Amino acid sequence: MAVWTAALGLPSDLKSSLSQHQVSLFVSRRRPRKSHPAFPVARLFGPAIFEASKLEVVYLGVDEKKHPSKHPRTYTLTHSDMTSKLNLTISPTVNNSQLQGWYNRLQRDEVVAEWKKVKGQMSLHVHCHISGGHFLLDLCAKLRHFIFCKELPVVLEAFVHGDDNLFNNYPELQEALVWVYFHSHKPEFNTVECWGPLNNSAAPYTAAVAGGGGGFVAQQDVYQAEPSWPEKPCIGNCSCCFPSRRLIQWSHNLSP
């Protein structure tokens, strides 16, 4: 999702813009600098658009004919700033090998998700890492939270498009609620949100001004009638909850 491309590119653009205003006040013989690509700013503030041609999908040990209420199913999505490709792995457990390497550990822009059946109801649980792990992530926590919210509709559309055979066989899964877990060492960003049914969760993340102050709100916030916290599975063995354990071992209560 180019989280770091935007986060690290924005200050240099602002600095360049400021220096140009200052130089205009004096006679300068310096050669004009070449204009830098506007990609970081455009990526940050432009619309989030899903491009199917940039999605690469790999199936590992899953079958689109098997319903996730009986067979474990997860999504592991990563983004390459070099190729602009989205890499989606659909597998019974998170594809940890896809998250290895110094580049992925630095960026931490992966999105992982798992299907759950709780008391007979299917839901998709999506996890994003906002901050914690190293200081660069901590410095950009607010910006990263905004970018993840802005890009999540693209992520959800990638899940649906990449796993299209599953949704063609079981179209009712598009009515499942989407729960988004934002993991951060900062309490204001360490939250869980209900984004409503999957087929409506691709609404764009838009800017809004309320009460005289600027702010950003998601279209998904209109689902006020939805529960504020995911329902807990039954204690002990039952037939209405699956899987019996979490496929994503990622605690919501992160330590600083």
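Residues numbered from 1 in each chain as written. Predicted model: local features only at pLDDT ≥ 70, side-chain atom pairs only at ≥ 80, totals over all residues. Heavy atoms only, no water.

Q: Is there a simple way to explain the side chain of Thr89 in this structure?
A: Within the element layout of this structure, Thr89 appears in strand 3 (residues 86-91). Within the structure, Thr89 has its side chain in polar contact with the side chain of Gln98 (distance 2.5 Å). Those residues within four positions of Thr89 in sequence are excluded, and the remaining contacts are Val58, Leu60, Thr74, Tyr75, Thr76, Asn95 and Gln98. (Helix = DSSP H or I, 4+ residues; strand = E, 2+ residues; numbered from the N terminus. Polar contact = N/O pair within 3.5 Å; in protein donor to acceptor, adjacent residues only side chain to side chain. Contact = heavy atoms within 4.5 Å.)

Q: For this particular structure, what's the right way to read the nonpolar core?
A: Across soluble globular proteins, nonpolar side chains show a tendency to be buried alongside one another. With 35 residues, the main nonpolar core has Tyr75, Trp115, Leu124, Val126, Leu152, Phe159 and Phe182 as its most contacted residues. For this core, the secondary-structure elements that each account for two or more residues are strand 2 (74-79), strand 3, strand 4 (111-118), strand 5 (121-129), helix 5 (141-162), helix 6 (164-169) and strand 6 (177-183). Per element, the largest residue contribution to this core is nine residues, and it comes from helix 5. Those residues in contact with Leu124, other than ones at most four positions away along the chain, are Tyr75, Ala113, Glu114, Trp115, Leu156, Phe159, Leu177, Val178, Trp179 and Leu198. By size, the runner-up hydrophobic cluster in this structure holds five residues, among which are Leu177, Trp179, Tyr181 and Val192. (Core = buried A, V, L, I, M, F, W, Y, C linked by side-chain atoms within 4.5 Å. Buried < 20%, exposed > 50% of the residue type's maximum accessible area, 1.4 Å probe, protein only.)

Q: Teacher, can you tell me more about the state of the cysteines here?
A: A covalent bond between the sulfur atoms of two cysteines is referred to as a disulfide. Under the counting rule described, the total for this entry stands at zero disulfides. Cysteine Cys234 is unpaired, with the sulfur of Cys240 as its nearest cysteine sulfur at 3.5 Å. By relative accessible area, Cys234 is classed as partly exposed at 30%. (Disulfide = S-S within 2.5 Å.)

Q: Any chance you could explain the packing of aromatic side chains here in plain terms?
A: Both the distance between ring centres and the angle between the ring planes are used here to describe each pair of aromatic rings. Across all of its chains, the model carries two aromatic pairs by this definition. Here Trp115 and Phe167 contribute two aromatic rings whose centre-to-centre distance is 6.2 Å and whose plane-to-plane angle is 55°, an arrangement assigned as tilted. Residue Trp115 is found in strand 4, and its partner Phe167 is found in helix 6; the two are separated by 52 residues along the sequence. Pair check on accessibility: Trp115 and Phe167 agree, each one buried. (Phe/Tyr/Trp six-rings, centres within 6.5 Å; stacked < 30°, edge-to-face > 60°.)

Q: Just to check I follow, could you spell out the side chain of His67 for this structure?
A: Residue position: His67 is located in the loop between strand 1 (55-59) and strand 2. A relative accessible area of 14% places His67 in the buried class. Each residue touching His67, except ones within four places of it in the same chain, is listed here: Met122, Tyr170, Glu172 and Leu173.

Q: Sorry, what's going on with the sheet that holds strand 6 here?
A: Each strand in a sheet pairs with another by means of backbone hydrogen bonds, the pair being arranged parallel or else antiparallel. In space, the seven strands of this open sheet follow the order 1-3-2-4-5-6-7, with mixed pairing throughout. Of all the strands in the sheet, just strand 1 and strand 7 (191-197) have a single pairing partner and so form its edges. Across the sheet, the axes of successive neighbouring strands diverge by a mean angle of 20°, strand direction being ignored. As judged from the six bridges shared by strand 2 and strand 3, these two strands associate in the antiparallel manner. Looking at strand 3, one finds that Thr78 is bridged to Asn87. Along the sheet, helix 5 contacts strand 1, strand 2, strand 3, strand 4, strand 5, strand 6 and strand 7; its crossing angle with strand 5, the most-contacted strand, is approximately 135°. (Pairing = 2+ DSSP bridges. Axes fitted to C-alpha atoms, helices over the stretch in contact; angles between N-to-C directions.)

So yeah, pure geometry; function would need other evidence.
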